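# Structural features, examined
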Amino acid sequence: MGALRAQKLSGIQKQVLSLYRGFLRAARSKTPENRVHIESLVSAEFRKNSQSIDRKNFLHIEYLLRRGKRQLDQLKTVDSVRLSSSNLELSDTKTQ
C-alpha cells in the first residue's frame with residue numbers, strides 16, 4: 001500500500017491549495033450567479049498559473065499568494081462586487 005500513497009505536498013503547495021479552497025468557501029456566501037462566476041474565474045486563474053509558471057519560481061508564486069490573499073479578503077467583504085488587481089467585474093444583484 002505504501003507505493004500507492006500520494007506524494008507529500010510542500011509548504012507552498014499547501015498554501016496554494018488553502019487559498020483556492022478559501023476562494024471557493026467565500027464564493028458560497030455570494031448570490032448563485034456570482035458564485036458560479038467567481039468559481040469559474042478562480043478555477044481558470046489557478047489553472048492558467050499552474051501551467052504557465054515554473055514550480056521553482058518561488059518569488060513569483062509567493063507574490064501571487066500575497067495578491068490572492070488580498071483578493072480573497074476583499075471578496076469576503078459583504079458588499080464586494082469585484083476582485084482587486086483584476087479587471088473582472090462581478091455582477092451585483094442587490095438593490096439599494
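What you see is a predicted model, and the numbers here were worked out from it, not measured in a lab.

Check the secondary structure of the chain and you find three helices and zero strands. What you see in the chain, going N to C, is helices and strands ordered as α-α-α. Looking at the chain residue by residue over its 96 residues, the buried ones come to 27%. Long-range pairs, those at least 24 residues apart, make up 51% of the contacts in the chain between residues at least 6 apart in sequence. Accessible area for the chain stands at about 7,300 Å²; split by element, carbon and sulfur atoms hold 53% of it.

Quick look at the pattern of salt bridges now. Scanning the model with the defined rule gives three salt bridges in all. Among the salt bridges present, the one from Lys48 reaches Glu45, with a minimum N-O distance of 3.6 Å. On the criterion of helical spacing, the pair formed by Lys48 and Glu45 is a turn pair, its members being three residues apart in helix α2 (residues 32–52). According to the relative accessible area criterion, Lys48 is partly exposed, its value standing at 46%. Overall, Glu45 belongs to the partly exposed group, its relative accessible area being 29%. Through salt bridges with shared partners, a single ionic network connects Glu45, Lys48 and Arg67.

A general feature of soluble globular proteins is that nonpolar side chains tend to end up buried together. The biggest cluster of nonpolar side chains holds 13 residues, and the ones touching the most others in it are Leu19, Phe23, Ile38, Ile61, Leu65, Leu72 and Leu75. Secondary structure elements with two or more residues in this core: α1 (11–28), α2 and α3 (58–76).

Moving on, we come to α3. For α3, built from 19 residues, the straight-helix expectation of 27 Å at 1.5 Å per residue is met to within 8% by its first-to-last C-alpha distance of 26 Å. Considered for burial, the residues of α3 that qualify are Ile61, Leu64, Leu65, Arg67, Gly68, Gln71, Leu72 and Leu75. Of the surrounding secondary structure, the elements contacted by the buried residues of α3 are α1 and α2.

All right, on to a positive patch on the surface then. A cluster of basic side chains, namely Arg21, Arg25, Arg28 and Lys76, defines a positive patch on the protein surface. Along the chain, the position of Arg28 falls in helix α1.

Moving on, we get to the confidence of the model for the chain. Predicted coordinates in areas of low pLDDT are best not read in detail. Mean pLDDT over the chain: 82, with 75% of residues reaching 70 or higher. Contacts for the low-pLDDT stretch residues 84–96, under 50 throughout, to residues beyond four places or in other chains number 24 contacts.

With that settled, consider the environment of Gln71. Structurally, Gln71 can be placed in helix α3. With a relative accessible area of 9%, Gln71 lands in the buried category. C-alpha of Gln71 to C-alpha of Phe23: the two residues are 48 residues apart in sequence and 9.0 Å apart in space.

Procedures and definitions
- Residues numbered from 1 in each chain as written.
- Predicted model: local features only at pLDDT ≥ 70, side-chain atom pairs only at ≥ 80, totals over all residues.
- Heavy atoms only, no water.
- Helix = DSSP H or I, 4+ residues; strand = E, 2+ residues; numbered from the N terminus.
- Buried < 20%, exposed > 50% of the residue type's maximum accessible area, 1.4 Å probe, protein only.
- Contact = heavy atoms within 4.5 Å.
- Areas by Shrake-Rupley, 256 points an atom, 1.4 Å probe, with all protein chains shown as cover.
- Salt bridge = Lys/Arg side-chain N within 4 Å of Asp/Glu carboxyl O.
- Core = buried A, V, L, I, M, F, W, Y, C linked by side-chain atoms within 4.5 Å.
- Expected span 1.5 Å × (residues − 1).
- Patch = residues over 30% accessible without salt bridge, like charges linked within 9 Å, V, L, I, M, F, W, Y side chains within 5 Å.
- Lys, Arg positive; Asp, Glu negative; His and termini not counted.
- Charge placed at Lys NZ, Arg CZ, Asp CG, Glu CD.
- pLDDT = per-residue confidence, 0-100.

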